[in-house]
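Read off the chains here:
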Amino acid sequence: MTRKLALFDFDGTLTRHDSLIPFLRAVRGYWGLGCGMTKSLPWLAGYALKCTPNDTAKQRLLRYTLGGLPLDDLRAAGRAFAQNNIPTMLRADMMARLHAHQARGEDCILLSASLDLYLVPWARAAGFHDVLCSSLEGDQKHRATGQLKGNNCYGIEKVRRIKEYISNSGHHYQSITAGGIEEPLIDVLGG
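About the criteria used
- Every chain is numbered on its own, with residues counted from 1 as its sequence reads.
- The predicted nature of this model means local features are confined to residues of pLDDT at least 70 and side-chain atom pairs, given and counted, to a pLDDT of 80 or more, with totals for whole chains, interfaces and linings taken over all residues.
- Excluded from the side-chain calculations are hydrogens and water; all other atoms, namely the structure's heavy atoms, are used.
- Each helix is a run of H or I in the DSSP string that is no shorter than four residues. Each strand is a run of E no shorter than two, and both are numbered from the N terminus.
- What the globule rule says is 2.2 Å times the number of residues to the power 0.38, and the radius of gyration is computed from C-alpha atoms.
- For each residue, the accessible area found with a 1.4 Å probe, counting protein chains only, is set against the maximum for its type, and the residue is called buried under 20%, exposed over 50%, and partly exposed in between.
- Residues are treated as being in contact if the distance between any of their heavy atoms lies within 4.5 Å.
- For the area figures, the Shrake-Rupley method with a 1.4 Å probe applies, and any residue is considered shielded solely by the protein chains shown.
- Just so you know, the count uses Lys and Arg for positive and Asp and Glu for negative, and it drops His and the chain ends.
- Note that the charge is assigned to NZ on lysines, CZ on arginines, CG on aspartates and CD on glutamates.
- Any pair of N or O atoms that falls within 3.5 Å is considered a polar contact. Within protein, one atom must be able to donate a hydrogen and the other to accept it, and sequence-neighbouring residues count only if both atoms are side-chain atoms.
- All axes here are fitted lines through C-alpha atoms, helices being fitted over the stretch that makes contact, and every angle between N-to-C directions spans 0 to 180 degrees.
- Working rule for angles: under 35 degrees goes down as roughly parallel, over 145 as roughly antiparallel, 65 to 115 as roughly perpendicular, anything else as oblique.
- By convention, the crossing between two helices is left-handed when the near helix turns anticlockwise from the far helix through less than a right angle, and right-handed when the turn is clockwise.
- One fewer than the residue count of a helix, multiplied by 1.5 Å, yields its expected span.
- A carboxyl oxygen of Asp or Glu within 4 Å of a side-chain nitrogen of Lys or Arg is what we treat as a salt bridge.
- Pairing between strands is defined by DSSP: at least two bridges between the two strands are required.

### Observations concerning the overall build of the chain
Secondary structure assignment for the chain yields eight helices and six strands. At 17 Å, the chain has a C-alpha radius of gyration in line with the 16 Å of a compact globule built from 191 residues. Its C-alpha atoms give the chain principal-axis dimensions of roughly 50 × 35 × 35 Å. Counting all 191 residues of the chain, 43% fall into the buried class. When contacts within the chain are restricted to residue pairs at least 6 apart in sequence, those whose partners lie at least 24 apart make up 70%. Summed over its atoms, the accessible surface of the chain is roughly 9700 Å², and 52% of this surface lies on carbon and sulfur atoms. Treating the 23 positive side-chain charges of the chain as one cloud and the 18 negative ones as another, the clouds have centres 4 Å apart.

### With respect to the side chain of serine 135
By secondary structure assignment, the location of serine 135 is in the loop between β3 (130–134) and β4 (136–138). For serine 135, a relative accessible area of 15% puts it in the buried group. Among the polar contacts listed, one links the side chain of serine 135 to the side chain of aspartate 116, at a separation of 3.0 Å.

### Observations concerning the packing of helix α1 (residues 20–48) against helix α3 (residues 71–84)
Helix packing geometry: the angle between the two helix axes and the distance between the axes. Remark: α1 packs on α3, axes separated minimally by 10 Å, with the N-to-C direction vectors making an angle of 120°. Considering their axes alone, α1 and α3 lie oblique with respect to each other. Crossing hand, α1 versus α3: right-handed. Here α1 contributes Pro22, Phe23, Ala26 and Val27 to the contact with α3, which in turn contributes Leu74, Ala77, Gly78 and Phe81.

### Digging into helix α5 (residues 92–103)
Over its twelve residues, α5 extends 16 Å from the first C-alpha to the last, a length consistent with the 16 Å expected when each residue adds 1.5 Å. Where α5 is buried, its residues touch β1 (2–8), β2 (107–115), α6 (116–126) and β6 (172–178).

### Focus: the pattern of salt bridges
This model, assessed by the stated rule, comprises eight salt bridges. With a shortest N-O distance of 3.1 Å, arginine 104 and glutamate 106 are connected by a salt bridge. Overall, glutamate 106 belongs to the buried group, its relative accessible area being 12%. If you follow the salt bridges from partner to partner, you end up with Glu157, Arg160, Arg161 and Glu164 in one network.

### Some words on the environment of glycine 67
The topology assignment puts glycine 67 in the loop between α2 (54–66) and α3. Under the relative-accessibility criterion, glycine 67 is labelled partly exposed at 30%. Remark: the alpha-carbon pair of glycine 67 and glycine 146, spanning 79 residues in sequence, is separated by 4.3 Å. Excluding residues that lie within four positions of it along the chain, glycine 67 makes contacts with Leu62, Ala144, Thr145 and Gly146.

### Looking at the sheet that holds β3
Backbone hydrogen bonds are what pair the strands of a sheet, in a parallel or an antiparallel way. Spatially, the four strands line up as an open sheet ordered β3-β2-β1-β6, and their pairing is parallel. Edge positions in the open sheet fall to β3 and β6, since each of these has one partner strand only. Across this sheet, the average inter-strand angle for adjacent strands is 25°, counted without regard to direction. Relative to β2, β1 runs parallel, the two being bridged by four bridges. Counted as the bridge partner of leucine 5 is aspartate 107 from β2.

### Comments concerning the side chain of glutamate 106
In this fold, glutamate 106 is placed in the loop between α5 and β2. Among the polar contacts listed, one links the side chain of glutamate 106 to the side chain of arginine 104, at a separation of 3.1 Å. The contacts of glutamate 106, once residues within four sequence positions are left out, are Lys4, Ala6, His101 and Thr177.

Below you can see the structure in the form of structure tokens.
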């Protein structure tokens with residue numbers, strides 16, 4: 001059976017701005033976020049100057065803000081953030097586009113470098129078919145290490161993940177549309 005697939009990015013597409021910093025502020029407060037950003041400053045500056053890869057800077061920031069915190073607490077904070085904060089960040093025009101794709105019965109996939117802690121609960125409530133995103137790694141004591149589990153779902157990793165998703169889905173997708181994904185990704189996918 002052929003189906004249609006609509007891909008949506010999150011930060012700056014469905015939302016008006018990035019969601020990671022607001023999430024970190026919600027979890028750690030201004031002081032904790034400020035301390036984490038200060039410790040991460042060399043890597044954040046390197047990223048801004050295009051000398052440090054995105055995933056390196058992100059993992060340093062995650063290590064200094066979330067490292068050592070219980071994963072169960074972070075999941076609870078993610079659910080609260082999804083329910084209370086994300087609705088205030090959403091763009092009405094892009095949410096209308098999402099609802100139009102959903103009304104046509106298309107498989108809508110959220111594809112983002114943001115964390116699963118808050119994206120998965122929000123995406124389930126928003127009616128997404130699936131979520132491909134970055135995940136935080138935990139240790140044996142179920143605490144966040146501050147490292148990502150697998151690769152950061154950013155840039156070419158988004159392409160790899162959606163190709164893998166399509167090949168493992170068991171579906172033949174008649175078309176792939178960018179419900180909000182940048183065009184180069186669609187060009188690489190051939191949709």
